[in-house]
Amino acid sequence: MKRLLITNIKELLQVERTPRARVLGADMAHIDTVKNAYLLVEGDRIAAFGSMEQLASLQADEVVDASGRMVLPTFCDSHTHMVYAGSREIEYIDKIRGLSYEQIAERGGGILNSAMRLQQTSEEQLYEEAMLRLQQMMAFGTGAVEIKSGYGMTVEAELKMLRVIRRMRETSPLTIKATLLGAHGIPMEYRGRQEAFVDLVVNDMIPRAAGEGLADYVDVFCDRGFFTVEDTERMLEVGAKYGLRAKIHANEIARSGGIQVAVRYNALSCDHLEYTGPDEIAALKGAETMPTVLPGAAFFLGMPCAPVRDMMDAGLGVALASDYNPGSSPSGNMQLILSFASVNYRMLPEEAINATTLNSGYAMGVSHELGSIAVGKRANFFITIPMPSYEYLPYAYGENKVQTVFIGGQRVVG
Ligand code: NIG
Ligand code: FE
């Protein structure tokens, strides 16, 4: 088995002696680190770590000197729509001119625009475009990605998206989870009778996606102007019957009841949450559902920030993800998410690191394998450029501070 040794690490971040599934409340303000550290990898697993003084021997197949640099577990990006066709920069200009996200959606733009393009694009081309994006995300330090369907709108096109995700999973070293988001928008022909579209999702999409083993999770855009709580209940119920746990879009546009329905169905996560008050926070207390905030979408659409401080003060964990998609967040750069978290949400660097590694790992069902530096976990980590302290990570926004990326112990970037 190949032994890889990283030496002289200025600071090794997010280490765990006793691995946790997620980090809650006040604990989010803390990460364990080792200064002047080493990290030993055997095959695709983390075998040992500690301070350089405790390192017994330098025997390894490959030794990498990380003097002056930080080492972190790779980011887990638990919410993306990064399989899509084309881009939507013209709608973005309409937004600058004053149209809202809802107004663009009402006139058939937004998600329906992406759906039309996706239906006309071959599986091969979707795969090629998405793999380029994935490569870029990896270069910014991401090691695990959840990817949603949802630009299909028909059974066939949704299955096509999910097959693209399956092929990405088979050909990329990254850990990838697939989510069926059949109910992302309401197709024009179903306007005014959206229960009929929900029928299609529960009778065809969910059974076929689950039957072909193409989805790990089921998602619904539960919000004002999109799917109601009742629609959502129907879909989550059928999803559960087929073994698909929920991860839902909720409360991006209004206090829609989406958070409560997520908790009732024991969703793994509920995401967006710009419109969250005390009732929603109370519903999340003690639940297994991870509140997940998407700072890129809030930034890009000029939305209010989700109340992450209130959530953490109430003892909840919080996860952060990119929401990478052509309409509300055309970037999968998780380093930018760290900076948005500190500037716009006033999250401390430690809170933002917990939210983008362990908690986002939990929110996509991989925190037992990823999200921290712990013996036995998969060796997905990155080495930064030289930097004075780890606080520099959210501070120096805009530049790529990741120099070398290892996935499963293999160097994939740098
Ligand atoms: O998470 N909110 C719903 N869905 C996406 C937006 C997708 C799009 O506009 O294409 C989101 O922001
Ligand atoms: Fe989303």
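Remember, it's a predicted structure, so these values are computed and weren't measured experimentally. (Residues numbered from 1 in each chain as written. Chains lettered and ligands numbered in written order. Predicted model: local features only at pLDDT ≥ 70, side-chain atom pairs only at ≥ 80, totals over all residues. Heavy atoms only, no water.)

> Looking at this structure, I do not really get the packing of helix α4 (residues 123-139) against helix α5 (residues 155-171). What am I missing?
Geometry of a packed helix pair, given as the angle between the helix axes and the separation of the axes. Contact pair α4 / α5: the axes reach a minimum separation of 10 Å and the direction vectors enclose 50°. If you check the angle between α4 and α5, you find them oblique. Along this stretch, α4 crosses α5, giving a crossing that reads as right-handed. Contacts from Glu123, Glu124, Leu126, Tyr127, Ala130, Met131 and Leu134 in α4 reach Lys160, Arg163, Val164, Arg167, Met168 and Thr171 in α5. (Axes fitted to C-alpha atoms, helices over the stretch in contact; angles between N-to-C directions. Helix = DSSP H or I, 4+ residues; strand = E, 2+ residues; numbered from the N terminus. Parallel < 35°, antiparallel > 145°, perpendicular 65-115°, else oblique. Left-handed = near helix turned anticlockwise from the far one by under 90°. Contact = heavy atoms within 4.5 Å.)

> Is there a simple way to explain the packing of helix α6 (residues 194-211) against helix α7 (residues 229-241) in this structure?
In contact at an axis separation of 10 Å, α6 and α7 are set at 5° when each is read in the N-to-C sense. By the criterion of interaxial angle, the relationship of α6 to α7 is roughly parallel. Across from Gln194, Glu195, Val198, Asp199, Val201, Val202 and Ile206 in α6, the residues of α7 making contact are Asp231, Arg234, Met235, Val238 and Gly239. The class makeup of the residues in the contact of α6 with α7 is six nonpolar, two polar and four charged. (Nonpolar A, V, L, I, M, F, W, Y, C, P; charged D, E, K, R; others polar.)

> Would you take a moment to explain the coordination of the iron ion (ligand 2) for this structure?
Ideal geometry at a metal centre gives angles of 109.5 degrees when four donors are arranged tetrahedrally and 90 or 180 degrees when six donors are arranged octahedrally. Taken together, His79 (NE2), His81 (NE2), His249 (NE2) and Asp323 (OD) make up the protein donors of the iron ion (ligand 2), found 2.1 to 2.4 Å from the metal. When the donors of the iron ion (ligand 2) are listed by position in the chain, the intervening gaps give H-x1-H-x167-H-x73-D. Of this pair, His79 sits in strand β6 (residues 75-80) while Asp323 sits in the loop between β13 (319-320) and α12 (334-345), and the two are 244 residues apart along the sequence. Note on accessibility: His79 and Asp323 belong to one class, buried. (Donors = N, O, S within 2.8 Å, 3.2 Å for Na, K, Ca; no water. Buried < 20%, exposed > 50% of the residue type's maximum accessible area, 1.4 Å probe, protein only.)

> Please clarify how the site of ligand 1 should be interpreted in this entry.
The environment of ligand 1 is formed by 15 residues, the closest being Tyr101, Tyr151, His184, Glu252 and Ser328. Asp323 has a polar side-chain atom sitting 2.8 Å from an oxygen atom of ligand 1. Bound to the protein, ligand 1 loses 100% of the 330 Å² it would expose on its own. (Near = heavy atom within 4 Å. Polar contact = N/O pair within 3.5 Å; in protein donor to acceptor, adjacent residues only side chain to side chain. Areas by Shrake-Rupley, 256 points an atom, 1.4 Å probe, with all protein chains shown as cover.)

> Where do I start with helix α1 (residues 89-97) in this structure?
Turning to α1, its buried residues are Glu91, Asp94 and Lys95. Each buried residue of α1 sits inside an arc of 105° when the element is viewed along its axis, so together they form one side. Opposite the buried face of α1, at more than 90 degrees from it, the exposed residues are Ile90, Ile96 and Arg97. As for α1, its buried residues are in contact with α2 (101-106), α3 (111-119) and α10 (295-301). A positive backbone phi angle near 125° is found at Gly98, which sits one or two residues after α1. (Arc of directions from axis to C-beta.)

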